[in-house]
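In case you want the letters, here they are:
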Amino acid sequence: MSRIPAPAENPAELAKWHPPDFPHDPLLLFRVLQVHPELASRMRVLGSGLLAHGRLPERDREIVIDRITARNGARYEWGVHAAHYGPQVGLSAEQLANTTEPRPSAEAWSEADLALLAAVDQLDATASLDDAMWARLRDRYSDPQLVELIVLTGWYRTIGYLCNALGLEPESWATPWPAG
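The following refers to the structure shown.

### Let's talk about the pattern of salt bridges
Enumeration according to the criterion identifies ten salt bridges in this entry. For Glu9, the salt bridge identified is with Arg31, shortest N-O distance 3.6 Å. Here the residue Glu9 occupies a position in the segment before helix H1 (11-15), and Arg31 occupies one in helix H2 (residues 28-33), the gap between them amounting to 22 residues. Here Asp124 and Arg71 are joined by a salt bridge, their closest N and O atoms 2.8 Å apart. Placement of Asp124 in helix H7 (residues 111-126) and of Arg71 in helix H4 (residues 58-71) is noted, with a sequence separation of 53 residues between them. In the salt-bridge network here, residues are joined through shared partners; they are Arg67, Arg71, Asp121, Asp124 and Arg157.

Listed below in structure tokens is the structure:
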């Protein structure tokens, strides 16, 4: 359930939100967004662009999404990505669960992954990146990728706001939030 009920489904609009091979019904988040179709259509363009047409490596994209949604307690969105997208890009169940920890485990991640997780943490905490973090990221990413990383982090923080404030219950197939 949600604090705002989803309107009657518009299959044509909802079909635009997922790739053709998505094995689940349209997400509750997308159904609820249809209470404001104009905003939903604008959000879909940016969201699908980041998810399906970005310049960041897919695995890095998912690390960013899982970490920022976890940091913001967005269990709904974290569970969707941990169930569907994370495994597709090679993230293990241990790594996905570790994104919810206050301090990621050095044993679960490479040095490059730890730097990416730290960048997400810094962006979330300060809305910026210090010079040392920028230099670490600059060694790995191009200018377009750096801009995308910042936008991706902010976008999924916004999605976290939506999921949390709307009171969205996790999808039945989503990965449950780790106990502890």
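What follows picks up the thread again.
### Some thoughts on the side chain of His84
As for its position among the elements, His84 is in helix H5 (residues 75-88). The buried category is assigned to His84, whose relative accessible area is 12%. If near-sequence neighbours (up to four positions away) are discounted, His84 is found in contact with Phe22, Pro23, His24 and Trp173.

### Side note on the environment of Ile68
Relative to the helices and strands, Ile68 resides in helix H4. Of the residues examined, Ile68 reaches a relative accessible area of 0% and is grouped as buried. Sequence-distant contacts of Ile68, defined by excluding residues within four places in its chain, comprise Val120, Asp124, Thr153, Tyr156 and Arg157.

### Description of the nonpolar core
Within soluble globular proteins, side chains that are nonpolar tend to cluster in buried spots. In this structure, Leu29, Tyr76, Leu137, Leu149 and Leu168 are the most contacted members of the largest nonpolar core, which totals 47 residues. Contributions of two or more residues to this core are made by H2, helix H3 (37-52), H4, H5, H7, helix H8 (131-138) and helix H9 (143-166). No other element matches H9, which puts eight residues into this core. Ignoring anything within four residues of it in the chain, the contact list for Tyr76 reads Leu27, Leu28, Leu29, Cys163, Leu168, Glu169, Pro170 and Glu171.

### A closer look at unusual backbone geometry
The phi dihedral of Ala127 falls on the positive side, at around 60°, and the residue is not glycine. Looking at where Ala127 falls in the secondary structure, it is placed in the loop between H7 and H8.

### Digging into the packing of H4 against H5
The N-to-C vectors of H4 and H5 enclose an angle of 160°; their axes lie 9 Å apart at closest approach. By the angle class used here, H4 and H5 are roughly antiparallel. At the point where H4 passes H5, the crossing takes the left-handed sense. Across the interface between the two elements, Arg61, Glu62, Ile65, Asp66, Thr69 and Ala70 from H4 touch Glu77, Trp78, His81, Ala82, Tyr85 and Gly86 from H5. For the contact of H4 with H5, a count of residues per class yields five nonpolar, three polar and four charged.

### Observations regarding H9
Taking 1.5 Å per residue, 24 residues should reach 34 Å; H9 reaches 35 Å between its end C-alpha atoms and fits that length. Of the residues making up H9, those classed as buried are Gln145, Leu146, Glu148, Leu149, Leu152, Thr153, Trp155, Tyr156, Ile159, Gly160, Cys163 and Leu166. Structurally, H9 contributes buried residues whose contacts are with H2, H3, H4, H5, H7 and H8.

### Focus: a nonpolar patch on the surface
There is a patch of nonpolar side chains on the surface, built from Leu46, Val147 and Val151 and spanning about 230 Å² of accessible area. Summarising the element assignment, Val151 is placed in helix H9.

Conventions adopted
Residues take numbers from 1 onward in each chain, read along the sequence in its written order. Given that the model is predicted, a residue must reach a pLDDT of at least 70 before its local features are reported, and side-chain atom pairs must reach 80 or more before they are shown or counted; all residues, however, enter totals for whole chains, interfaces and linings. Calculation of side-chain values draws on the structure's entire complement of heavy atoms; hydrogens and water are dropped beforehand. Salt bridges, as used here, are contacts in which a Lys or Arg side-chain nitrogen is within 4 Å of a carboxyl oxygen on Asp or Glu. Helix and strand labels come from DSSP, where a helix needs a run of H or I of at least four residues and a strand needs a run of E of at least two; each type is numbered from the N terminus. Think of it in three bands: with a 1.4 Å probe and only protein chains considered, a residue is buried below 20% of the maximum accessible area for its type, exposed above 50%, and partly exposed in between. Every residue pair with non-hydrogen atoms within 4.5 Å of one another is taken to be in contact. The term nonpolar core refers to a set of buried residues drawn from Ala, Val, Leu, Ile, Met, Phe, Trp, Tyr and Cys, joined through side-chain atoms within 4.5 Å. Where helices are involved, their axes are fitted lines through C-alpha atoms of the stretch in contact, as for all axes, and angles between N-to-C directions lie from 0 to 180°. Working definition: roughly parallel below 35 degrees, roughly antiparallel above 145 degrees, roughly perpendicular at 65 to 115 degrees, and oblique for all remaining angles. Take the far helix as your reference; a near helix turned counterclockwise from it by less than a right angle gives a left-handed crossing, and one turned clockwise gives a right-handed crossing. Lys, Arg, Asp and Glu make up the charged group, whereas Ala, Val, Leu, Ile, Met, Phe, Trp, Tyr, Cys and Pro make up the nonpolar group; the residues left over, Gly among them, are polar. Expected span, for any helix, means 1.5 Å times one less than how many residues it has. To count toward a patch, a residue needs a relative accessible area over 30% and no salt bridge; like charges are then connected within 9 Å, while nonpolar side chains (Val, Leu, Ile, Met, Phe, Trp, Tyr) are connected within 5 Å. A 1.4 Å probe and the Shrake-Rupley method give the accessible areas. Residues count as covered only by the protein chains that appear here.

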